[in-house]
Amino acid sequence: MIVGSSSVFALESEITQAVPNTGQRALGFFLIHIASRAFGVKEPDAAMLGCSFGEVNNRLQRRGTHSFAVADYADAAQIAQAYLDAIYRDTSRTDYFGLSQQGFVDAFHSSAVRWAPDGDEAFDDGSHVLQFDVGNRVRLIGFINTDSPEDVSATIKEIWLDADIFYDVLSRWKDLFASAWENRLLA
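Criteria and thresholds
- Residue numbers restart at each chain and count upward from 1, following the sequence in its written direction.
- The predicted nature of this model means local features are confined to residues of pLDDT at least 70 and side-chain atom pairs, given and counted, to a pLDDT of 80 or more, with totals for whole chains, interfaces and linings taken over all residues.
- Only heavy atoms go into the side-chain values, all of them from the structure, while hydrogens and water stay out.
- Think of it this way: any DSSP run of H or I at least four residues long counts as a helix, any run of E at least two long counts as a strand, and we number them from the N terminus.
- Three labels apply to residues, based on accessible area from a 1.4 Å probe with only protein chains included: buried if under 20% of the type maximum, exposed if over 50%, partly exposed otherwise in between.
- An axis is simply a line fitted to the C-alpha atoms; with a helix, the fit covers only the stretch in contact. Between two such axes, the angle follows the N-to-C directions and lies from 0 to 180 degrees.
- Put simply, angles under 35 degrees are roughly parallel, angles over 145 are roughly antiparallel, angles from 65 to 115 are roughly perpendicular, and the rest are oblique.
- Note: crossing handedness is left-handed where the near helix turns anticlockwise from the far helix by less than a right angle, and right-handed where it turns clockwise.
- Contacts are assigned to residue pairs with any non-hydrogen atoms lying within 4.5 Å of each other.
- Classes in brief: Ala, Val, Leu, Ile, Met, Phe, Trp, Tyr, Cys and Pro nonpolar; Asp, Glu, Lys and Arg charged; the others, Gly included, polar.
- A pair of aromatic rings is counted whenever rings of Phe, Tyr or Trp (Trp by its six-membered ring) have centres within 6.5 Å, and the orientation is called stacked for planes under 30 degrees apart, edge-to-face for over 60 and tilted otherwise.
- Definition used in this section: a nonpolar core is a set of buried Ala, Val, Leu, Ile, Met, Phe, Trp, Tyr and Cys residues joined via side-chain atoms within 4.5 Å.

Caption draft 1: Quick peek at unusual backbone geometry. In this model, Ala116 is joined to Pro117 through a cis peptide bond whose omega is 5°. Inspection of the secondary structure assignment puts Pro117 in the loop between strand S6 (114-116) and strand S7 (127-134). Of note, Ser36 is a non-glycine position whose phi angle comes to about 70°, a positive value. With respect to the element layout, Ser36 can be found in the loop between strand S3 (26-34) and strand S4 (37-39). By relative accessible area, which is 58% here, Ser36 ends up exposed. Of note, the phi angle at Ala112 is positive, near 50°, even though the residue is not glycine.

Caption draft 2: Spotlight on the packing of helix H1 (residues 50-61) against helix H5 (residues 163-186). In the contact formed by H1 and H5, the axes pass within 10 Å of each other and the chain directions differ by 140°. Compared by their axis directions, H1 and H5 come out oblique. Classified by chirality, the crossing of H5 by H1 is left-handed. Residues Ser52, Phe53, Val56, Asn57, Arg59 and Leu60 of H1 form the contact with H5, whose own contacting residues are Tyr167, Leu170, Ser171, Trp173, Lys174, Phe177 and Ala178. Across the contact of H1 with H5, the residue classes break down as 8 nonpolar, 3 polar and 2 charged.

Caption draft 3: Inspection of the packing of aromatic side chains at higher detail. Within this structure, the stated rule accounts for 19 aromatic pairs. Where Trp115 meets Phe166, the ring centres are 5.9 Å apart and the plane angle is 90°; that geometry is what we call edge-to-face. On the criterion of sequence distance, the pair formed by Trp115 in strand S6 and Phe166 in helix H5 is long-range, its members being 51 residues apart. Relative accessible area serves as the criterion here: at 1%, Trp115 is assigned to the buried category. Among the residues examined, Phe166 registers a relative accessible area of 0% and is labelled buried. Between Phe166 and Tyr167, the ring centres sit 4.8 Å apart and the planes meet at 85°, which makes this aromatic pair edge-to-face. Relative accessible area serves as the criterion here: at 3%, Tyr167 is assigned to the buried category. Through a chain of ring-to-ring contacts, three or more aromatic side chains come together here, namely Phe68, Tyr73, Tyr83, Tyr88, Tyr96, Phe97, Phe104, Phe108, Phe132 and Phe143.

Caption draft 4: Spatial organisation of the nonpolar core. Ranked by internal contacts, the top residues of the largest apolar core, which has 34 residues, are Phe9, Leu11, Phe30, Ile32, Trp115, Leu140 and Phe166. Those elements giving two or more residues to this core turn out to be strand S2 (9-18), S3, H1, S6, strand S8 (137-144), strand S9 (157-162) and H5. Element by element, the count of residues in this core is highest for H5, at 9 residues. If near-sequence neighbours (up to four positions away) are discounted, Ile32 is found in contact with Phe9, Ala10, Leu11, Arg37, Ala38, Phe39, Trp115, Ala116, Phe123 and Val129.

Shape is all these values report; function is a separate question.
Here is the structure:
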């Protein structure tokens, strides 16, 4: 099932096996498409989809709150590098857009800017997706965590969307996924 346009923004998932546990929901895969690139693992047994379903619900409930001032002016590659340096890499970097490393990490966590990885194996390919609510628009930045900063830059995809369009895709995917999950449990 795919909701949206994969050449712009879409969510894609497949249920291989539904389970009654709402924390797990189903075995399958969940992908986030940004500008013709899919982020996530597309395998029939990539992950239990409870985390991905929950994260889409959380994003809908927190509409408009995924904000961080850096999204208004910084280049996508600069944001991705700062994010990886602060959270995943052992670097000597001390400035993160005027913040300390801890201040930058705290701002990312408190604003729930990081969408993926979302807590399960769906993004074990190194995919990361950041979502920024900027006024009535949403900025998505997707990239792959690689060992080389130069390689990360080559993986970046970015898109700006009208917030209504973005959140409509999330809402439609949530409803369709929930219905498919319930139907698979009843079958």
